[in-house]
Amino acid sequence: MNSAQLPKWSRRLLRLFIHGEYLEEIEGDLEEVFYDDLEVYSVKEARRKYSFGVLKLFRVSLLKNLKWIYKLGLIISIMRTLKIAFRNLIKFKTHSAINLVGLSLGLAIGGLILLYVTDELSFDDFHTNGDRIYKVVTTSPEGGMETNAHPIGYQLRTKYPEVESVLYTRWASPSFKINYEGKRYDHKVYYASEEFFHIFSFPLKSGDPKTALKDPYSIVITEALEETYFDGSALGQAITLRDSVNFTVTGVVEDLPKNSHIQFEMLMSFSTFPDFRWFSYTDGWGNFDVRNYILLKEGEDSEEFQAKISNIYDENVGDWLDEMGMKFTTTLMPLKEVYLGDVFWNGFGPNSSGKRVKTVTIIAAFLLILACINYINLSTARSAYRAKEVGMKKVVGSSRGSIIAQFMTESFLLTMISLIFGMLLIMITLPFFNDLMSKSYTLSSFLTPSFTSGILVLVFAITFLSGYYPALVISGLRPLNALSGKLDKAYQGLNLRKTLITFQFFISSGLVLSTLLVINQLAYMQTQDLGFDKEQVLVINATDLPKSTTRKVLKNELEALVGVHKVTHTNALPGRPGWQGQWAYPGKQEGEQVDTEYMAIDENYIEALGLKIVAGRNFETSRPSELKDGLIINESCVIAMGWENSENAIGKRIVSPSGTPEGNVIGVVKDYHGLGLQEQIWPKAMDYTGDTYGRYYAVKYDAKQTYDLIKGIEKTWSSTFGDYSLEYFFLDEDFDRQYREENQLAQVLSIFAIIIIIVSAIGLFGLISFVALSRTKEVGIRKTLGASIGQIVFILSKEFVLLVILGNFMAVPLTWYFGNQWLNDFAYHTRIDPTIFIITIAATVVIAFLTVSIQTMKTARMNPVKALRYE
Amino acid sequence: MKKTKLGEFEELVLLSVIVLREDAYGVEIKKELEKRMEDRLSVGSIQSALKRMEEKGFLTSEFGEATQKRGGKRKRIYNATPYAEKVLNEIRAIREGFWTQIASQGLRTI
């Protein structure tokens, strides 16, 4: 037996950290085990086990008293530096508190935004071939759409060798509900072709990814659905959709990651689709209802490929498109852009906005910078009071580096304390933040590597940004000057502080201005006369109901309820457009077509929604010929058709290649903002076809007793369509959804504006306290010479208030410019109201003045004798 | 049995100390427990339990003889204190109370 066989390093380590009293015993134990092991294992293995055993001895109860650390010189100096830093933080309580509040707020907001941004940017990151996946969309000079004509997929699949795989997906009618134990259940369902699992990396729990979506009537469901509807494995089982259509489960997909722009619960094989609706792979250039994704072969250049496929429409049906005056381009959209892109709606799941991500990031960055500015301002202002400490250190031989280290440690310590407070703030405000951004983060969402590394970077960036400059300035003091208390003006960094304050208030005012601007536009949109009456209208969603005469029965019964004024059966309501993009021509099919919105209405529509007829008349059941061949149009349609005025339009004929809309104009309604004020008003053509195409029943009621009304509706419903679930909403609430984005923006901006103003104001407060202190003597002399308190406050505040005003004046033109750009996105928008500038300037100046005068008052009130004795 | 704070693993170590008598030192306790628990244990886990219990007054210890196998290092022999025996008895009484009741309720065997 040879003790040299023991691993040397592990033994040394053991001796380093194990408590001396225990060392002999434990070393003995380990060695005994080691020699026992030698009899069973190889030398190498036994040595490995020994070392591993040493590592397992790292337990608090076995460790040496921590004093051994002091053997390391570096650590002792760090400990001392920390101690001094801590003492300094406590000594300047106001100063530290201000920085703490600012940095905590900054870190809390920064943390939340970091979480939000990393989450948004992580969308669709998990696909193995992500960089080769593209969504194919159809663009046109008017904008385009996220869907393609039927043959596009086939063209890509057959004519372009660069393409490895082409996916067809399609929206499926909501009538595909699961039938389970006599009831219908709604789930997100799409058609998808067999390439789905080849292109996307959604792992299957069971089933073959290659063939799962191949045969007709195959269906892939999610794990959650499997658990809900099946005992054990669903694979191979039957599932009934739409009352009578039987599918076989050919795959169960693991529950989808939240950060996927594709969200579904069921995928029906695309080959099933032609059984329900006409579909052709090679024909149907006018049917834009297929969504395609492609996987490019490895090494293919997407830009070159894009150039090749741009003209697929022109190459195939160019003549026809020219005739129609249309131009379509086939465009590739990289996978990562689908979710964050602002251009197209994402029909396959959630959609975000890159703009929003950018906006909140920029504002959060500003907030952090502002908090750092506070730190810089306060530290440099304070440098006079720490000059002696620095001078002393230098005299006894401290290097500049170690003084810098001292100051950086202070800012690091403060940042770390702020981080703790910031995290607490995040915990408290998380539910509110979720509400604001419509997300559902939990505390565990913070445990991702991207978040933790992000917050570390933030902490170091803040430490450096806020600590380095003051450290550099203060450590540069010359010992003699520092000790005698004579500081150069430059050392106090006056000009820098002035610039920074101006910048702080430039940002603050800019943000306040933007907030007011958004709120103004929002108020404008909400108070503008929309041209229809959205109050007291209850809407029943009848999209899923079968087309039958029971629909007519339901309408009559609803109308008979107490308190119901009118009931209309229609396909279009404000906020829920009818068929947009229907081509129509005045008289004959020639010249440029008018893109109309085709609306299916009945005789009650105009009255139920409070629309105004400006010429002609409404549909009347006593005139059956007008019901059959009449059209009611809006004023925009009159103009678009070229009929100059509404009276003129009556009796004119509208024709259309598809037959909808087609008929003689019998009435013209006043224009109304059916899509809110963001959008132009479409030319509308209303046809008496509510019972054929109806999707909603809108019930205009005049009773205040909505409770009785709803009970009545439920009763009526159960006697007519009782086996379907009743889904209803109020028109005014539903319509206001359109303003959600703006509402959200207004809320986010208001919160940021308030926080940023607070941070700027407390920064100013802290700074002024130092400035006032340094001018104590001056104040004393002025007072003895007869200056009033008011005059002194004025003298001390003047400079800072001027800086705030300067900051404001820089913010005004910028907000004016960008504000107008933002407003121009709305078809109908308010003008920038100059009073918001006045309000902002007044508010920030008042806040700044109040902050400053609280401090200056204190100084001005002091007994001049004390002031003169000061120092 | 108020604040005795005897952990589950500590209890097992304590029991081994009692069973092993004069042989109750680190490696021997480890072997005994490994045999009964049919599991591998580390020297660290045993040692830290021993030290914790010594601090809490469940164990006393003294140096024993040194052996060649231990590279000339002495063993430390542990001994359970009367207090430890009292606590162990209390724990046992509580557990037995439960088991008697479970048995009398005639529930499924566990």
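Below you will find a few notes about this structure. All figures in this text were calculated on a predicted structure; none of them were measured in a lab.

**So, the interface of chain A and chain B**
Step number 1: With 23 residues of chain A in contact, the opposing surface of chain B contributes 22 residues.
Step number 2: Summing the contributions of chain A and of chain B, the shared interface buries around 2100 Å²; its carbon and sulfur component is 52%.
Step number 3: Of all residues in chain A, A:E24, A:E25 and A:E32 bury the most surface against chain B, accounting for 30% of the area lost on that side.
Step number 4: Applying the counting rule to chain A against chain B returns 5 salt bridges.
Step number 5: Its salt-bridge partner being B:R74, residue A:E24 comes within 3.0 Å of it at the nearest N-O pair.
Step number 6: Our count for the contact surface shared by chain A and chain B stands at 9 residue pairs in polar contact (both at pLDDT 80 or more).
Step number 7: If you tally residues by element for the side of chain A that touches chain B, the top one is helix 2 (residues 20–40) of chain A, at 15 residues.
Step number 8: Taken together, the residues of the side of chain A that touches chain B sort by class into 8 nonpolar, 2 polar and 13 charged.

**A look at the side chain of A:S96**
Residues and elements named next belong to chain A.
Step number 1: Along the chain, the position of S96 falls in helix 5 (residues 93–121).
Step number 2: Among the residues examined, S96 registers a relative accessible area of 9% and is labelled buried.
Step number 3: Excluding residues within four positions of it along the chain, S96 makes contact with L89 and L414.

**Structural notes on the packing of aromatic side chains**
Residue and element names in this part refer to chain A.
Step number 1: Counted by the stated rule, this structure contains 50 aromatic pairs over all chains.
Step number 2: Look at F196 and F264: their rings are 5.6 Å apart centre to centre, the planes differ by 85°, and that puts the pair in the edge-to-face class. Of this pair, F196 sits in helix 7 (residues 196–199) while F264 sits in the loop between strand 10 (245–253) and strand 11 (266–269), placing them 68 residues apart in sequence.
Step number 3: Ring plane angle 15° and centroid distance 4.9 Å describe the contact between F464 and Y468, whose orientation is recorded as stacked. One end of the pair, F464, and the other, Y468, are both in helix 14 (residues 449–475), 4 residues apart, so they sit about a helical turn from each other.
Step number 4: Under the relative-accessibility criterion, Y468 is labelled partly exposed at 33%.
Step number 5: Put simply, the rings of F126, Y190, F196, F197, F200, F202, F264, Y293 and F348 touch in pairs and so form one group of aromatic residues.

**Regarding helix 17 (residues 550–560) of chain A**
Residue and element names in this part refer to chain A.
Step number 1: Within the sequence span of helix 17, burial applies to R551, L554, K555 and L558. Buried residues of helix 17, seen end-on, are gathered within an arc of 100° and therefore sit on one face of the element.
Step number 2: Along its buried surface, helix 17 packs onto strand 14 (537–541), strand 15 (564–570), strand 23 (696–701) and helix 23 (706–720).

**Thoughts on the pattern of salt bridges**
Step number 1: In the structure shown here, the tally under the stated rule is 43 salt bridges over all chains.
Step number 2: A salt bridge links A:E25 to B:R76; its shortest N-O distance comes to 3.4 Å. Pair noted here: A:E25 is in helix 2 and B:R76 is in strand 2 (residues 74–80), and the two residues belong to different chains.
Step number 3: For A:E25, a relative accessible area of 0% corresponds to the buried category.
Step number 4: Here A:E146 makes a salt bridge to A:K135, at a shortest N to O gap of 2.7 Å.

**Quick word on the sheet that holds strand 15 of chain A**
All names here are of chain A.
Step number 1: Read across the sheet, 4 strands follow the order 15-23-14-24 without closing on themselves; strand pairing throughout is antiparallel. With one partner strand each, in any of the chains shown, strand 15 and strand 24 (728–730) form the two edges of the open sheet. Strand-to-strand twist of the sheet, defined as the mean angle between neighbouring strand axes without regard to direction, takes the value 20°.
Step number 2: Inspection of the sheet shows strand 14 paired to strand 23 by 5 bridges, in the antiparallel sense. Looking at the pairing, V537 lines up with K700 of strand 23.
Step number 3: Contacting strand 14, strand 15 and strand 23, helix 17 crosses the sheet at an angle of about 160° to strand 15.
Step number 4: Against the sheet, helix 23 engages strand 14, strand 15, strand 23 and strand 24, with an angle of about 25° to strand 14.

**Thoughts on the packing of helix 13 (residues 400–437) of chain A against helix 25 (residues 740–774) of chain A**
All names here are of chain A.
Step number 1: Where helix 13 meets helix 25, the axes come as close as 9 Å, and the angle between the chain directions of the two elements is 140°. Packed against helix 13, whose contacting residues are F432, L436 and M437, the element helix 25 presents Q744, Q747, V748 and I751 at the interface.
Step number 2: Along the lines of polarity and charge, the residues of the contact of helix 13 with helix 25 split into 5 nonpolar, 2 polar and no charged.

Each value, and the rule that gives it
- Numbering of residues begins from 1 in every chain and follows the order in which that chain's sequence is written.
- Chain letters start at A and ligand numbers start at 1, both assigned in the order the entries are written.
- Local features in this predicted model are restricted to residues of pLDDT 70 or higher, and side-chain atom pairs are both shown and tallied only at a pLDDT of 80 or more, whereas totals for entire chains, interfaces and linings draw on every residue.
- To get the side-chain values, all heavy atoms of the structure are used, and hydrogens and water are removed first.
- Here a residue-residue contact requires only that any non-hydrogen atoms of the pair lie within 4.5 Å.
- What gets called buried area is simply the loss in accessible area from a 1.4 Å probe that two parts show on being joined, summed for both.
- Here, a salt bridge means any side-chain nitrogen of Lys or Arg that lies within 4 Å of a carboxyl oxygen of Asp or Glu.
- Whenever two N or O atoms come within 3.5 Å, that pair is a polar contact, provided that in protein one can donate a hydrogen and the other can accept it, and provided that, for residues adjacent in sequence, both atoms are side-chain atoms.
- A run of H or I in DSSP becomes a helix once it reaches four residues, and a run of E becomes a strand once it reaches two; helices and strands are each numbered from the N terminus.
- For this scheme, ten residues count as nonpolar: Ala, Val, Leu, Ile, Met, Phe, Trp, Tyr, Cys and Pro. Four count as charged, namely Asp, Glu, Lys and Arg, and the remainder, Gly too, count as polar.
- Accessible area is worked out with a 1.4 Å probe on protein chains only. A residue is then buried under 20% of its type maximum, exposed over 50%, and partly exposed in between.
- The pairing test for Phe, Tyr and Trp rings, Trp by its six-membered ring, is centres within 6.5 Å, and the orientation test on the planes gives stacked under 30 degrees, edge-to-face over 60, and tilted for anything in between.
- This arc is built from the directions going out from the helix axis to the C-beta atoms.
- Two strands pair if DSSP finds at least two bridges between them.
- What counts as an axis is a line fitted to C-alpha atoms, over the stretch in contact for a helix, and the angles between N-to-C directions run from 0 to 180 degrees.

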